[in-house]
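# An overview of the molecular structure
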Amino acid sequence: MTNHTQRPIDSVTLKAIYAASARIKTTVCRTPLEPSQALSALAEAEVRLKMENLQHTGSFKIRGAANVVASLNTDQRIAGVIAPTAGNHGLGLACAGHAAGVPVSIFLPCSADPIKVSAMKSYGAQVTFFENIEEARQAAIVAAQESGATFVSAYDNEQMIAGAGTVGLEIMEDWADADVILVNIGGGGLASGIATAVKAINPAAEVWAIQSEASPTFAHWKEAGETIPVELNPSIAEGISGYIEPEAMTWPLVRDRVDRVLLVSETGIKAAMLLMLNQHSHVIEPSGAPAIAAVLRYAKELSGRKVVCVVSGRNISDYRYLELVNEATL
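Residues numbered from 1 in each chain as written. Predicted model: local features only at pLDDT ≥ 70, side-chain atom pairs only at ≥ 80, totals over all residues. Heavy atoms only, no water.

The name given to the chain in an unreviewed UniProt entry is Threonine dehydratase, with the source organism recorded as Duffyella gerundensis.

Right, here's the structure in full:
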């Protein structure tokens, strides 16, 4: 067992999520909850899709980023924000910072998708590249300390989590008697935010967090009931893969508020991308597909239930998307 000091999580509440919703309502759009006839038939369930890929930045990340920027004081706004990211977090922060006149610096791995990098630059963000995401994270921490800018984790941040939780708030407002909400999990901000909102409004509803077998940190932690070393491998879903700090505030939130953490294969993620193209005419990125992949893998367990899949993002370059869907089979 590894021992780490966890920060209090009492501030991550339904009240905080409602406050975030009020703060960000002019920056983000309310996304639809669309029925999926194909997935409903496959699982013999009633399946609806929460289409966060339709945010104008192409990802749910704008919700937390807008909440962070709106919560800065005057001095913090002048000093700006710094964030390490695989892509969508930086894009959301760049958009929110641009709208509010707050300087944004993004630290990226060299493998970042060019379409995301281009979009960040279009919002005026300063972009710096590093060998991998962990090097980018460490460098961003140092840069924030030296410059006085605010370091913004994609998940280890109360305002990020509350902003992401507005997805769960909208789901409950549109379909309060949903039985199961499937949502991807990387650092845990989206899953823990959604679980906080959903459980407060409908305690009977279940939240299942889904991640790739290649990067199964929370699945192993949840099974063990504690933070343990986890072997990580490269994943096509880079936005939900990589090292998670054991002391991150999302761990106790996931431990206490998320019902299950389940795994899907890299092959399953590709199949989910293809299904979304064929059945719904939506392009989604690998990190946006795990909830769909979970319906394919766990269909029997979902039979007869009211199921929401959070489709979290669409940002992927055309050549990479075509390569992945051409490899997919259904």
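## Digging into the sheet that holds strand β6 (residues 150–151)
Read from one edge to the other, the open sheet built from four strands follows the order β5-β4-β3-β6, with strand pairing classed as parallel. Looking along the sheet, the strands with just one partner apiece sit at the ends: β5 (126–130) and β6. Against the sheet, helix α7 (residues 133–147) makes contact with β3 (81–84), β4 (104–109), β5 and β6, and its axis sits at roughly 165 degrees relative to β3, the strand it touches most. (Pairing = 2+ DSSP bridges. Helix = DSSP H or I, 4+ residues; strand = E, 2+ residues; numbered from the N terminus. Contact = heavy atoms within 4.5 Å. Axes fitted to C-alpha atoms, helices over the stretch in contact; angles between N-to-C directions.)

## Side note on the packing of helix α8 (residues 158–174) against helix α9 (residues 189–201)
Viewed as axis vectors pointing N to C, α8 and α9 meet at an angle of 45 degrees, and their least axial separation amounts to 7 Å. The pairing of α8 with α9 is recorded here as oblique in orientation. Taken as a pair, α8 and α9 cross one another with a handedness that is right-handed. Together, Ile-161, Ala-164, Gly-165, Val-167, Gly-168, Leu-169 and Met-172 of α8 and Gly-189, Leu-190, Ser-192, Gly-193, Ile-194, Ala-197, Val-198 and Ile-201 of α9 make up the contact between the two elements. Partitioned by chemical class, the residues of the contact of α8 with α9 number 10 nonpolar, five polar and no charged. (Parallel < 35°, antiparallel > 145°, perpendicular 65-115°, else oblique. Left-handed = near helix turned anticlockwise from the far one by under 90°. Nonpolar A, V, L, I, M, F, W, Y, C, P; charged D, E, K, R; others polar.)

## Observations regarding the environment of Pro-203
Summarising the element assignment, Pro-203 is placed in the loop between α9 and β8 (206–212). Residues Pro-203 and Asp-179, 24 residues apart in the sequence, show an inter-C-alpha distance of 10.0 Å.

## Regarding the sheet that holds strand β9 (residues 260–264)
Strands sit in the order β1-β2-β10-β7-β8-β9 across an open sheet of six strands; the sheet is mixed. For this open sheet the edge positions go to β1 (33–35) and β9, each flanked by a neighbour on one side alone. Averaged over all pairs of adjacent strands, the angle between their axes in this sheet comes to 30 degrees, without regard to strand direction. Two strands pair when backbone bridges link them, and strand β7 (residues 180–184) and β8 are joined in this way by five bridges, in the parallel orientation. When the bridges of β8 are listed, Asn-184 appears paired with Ile-210. The strands touched by α9 within the sheet are β7, β8 and β10 (306–311), with β7 carrying the most contacts at an inclination of about 160 degrees.

## Digging into the confidence of the model for the chain
Predicted confidence across the chain gives a mean pLDDT of 95, with 97% of residues reaching 70 or more. Across residues 1–5 the pLDDT falls below 50, and counting only partners more than four positions away or on other chains, this stretch makes seven contacts in the model. (pLDDT = per-residue confidence, 0-100.)

## Things to note about the domain arrangement of the chain
On domain assignment, one finds that the chain holds domain 1 (9–59 + 157–327) and domain 2 (62–151). Placing a centre on the C-alpha atoms of domain 1 and another on those of domain 2 gives a separation of 22 Å. Opposite the 32 residues of domain 1 that make contact, domain 2 presents 21 residues. Summed over both partners, the interface of domain 1 with domain 2 buries about 2100 Å², with 57% contributed by carbon and sulfur atoms. When the area that domain 1 buries against domain 2 is broken down by residue, the three leading residues are Thr-57, Gln-159 and Met-160, summing to 24%. Between domain 1 and domain 2 we count five salt bridges in total. Taking the shortest distance from any N to any O, the salt bridge between Lys-116 and Glu-238 comes out at 3.5 Å. There are 10 residue pairs in polar contact (both at pLDDT 80 or more) connecting domain 1 and domain 2. Of all the elements in the fold, those that place two or more residues in the side of domain 1 that touches domain 2 are α1 (14–24), α8 and α15 (318–327). (Domains from an automatic or database assignment. Buried area = accessible area lost by both parts, 1.4 Å probe. Salt bridge = Lys/Arg side-chain N within 4 Å of Asp/Glu carboxyl O. Polar contact = N/O pair within 3.5 Å; in protein donor to acceptor, adjacent residues only side chain to side chain.)

## Re the side chain of Thr-196
Within the secondary structure layout, Thr-196 lies in helix α9. In terms of polar contacts, Thr-196 uses its side chain to reach the side chain of Arg-257, at 2.8 Å. In contact with Thr-196, other than residues within four places in its own chain, are Val-12, Thr-13, Leu-14, Ile-17, Leu-253 and Arg-257.

## Structural notes on the packing of helix α3 (residues 61–70) against α8
Between α3 and α8, whose axes approach to 7 Å, the crossing angle comes to 130 degrees. Taken together, α3 and α8 sit at an angle that is classed as oblique. In the crossing of α3 with α8, the sense of the turn from one axis to the other is right-handed. Across the interface between the two elements, Lys-61, Arg-63, Gly-64, Ala-65, Asn-67 and Val-68 from α3 touch Gln-159, Met-160, Ala-162, Gly-163, Ala-164, Thr-166, Val-167 and Glu-170 from α8. For the contact of α3 with α8, the per-class residue count stands at six nonpolar, five polar and three charged.

## Here we look at the pairing of β4
Burial analysis of β4 places five of its six residues in the buried class, the great majority of the element. Sheet topology places β3 next to β4; four bridges connect them, and they run parallel. Its bridge partner being in β4, Ala-83 is matched across the sheet by Ile-106. Regarding the hand of the β-α-β motif, the stretch spanning β3, helix α5 (residues 88–100) and β4 is right-handed. When β4 meets β5, the two strands line up parallel, connected through five bridges. Bridge pairing links Ile-106 to Val-127 in β5. Traced from β4 through helix α6 (residues 114–122) to β5, the parallel crossover comes out right-handed. (Buried < 20%, exposed > 50% of the residue type's maximum accessible area, 1.4 Å probe, protein only. Right-handed = clockwise from strand over helix to strand, strands pointing away.)

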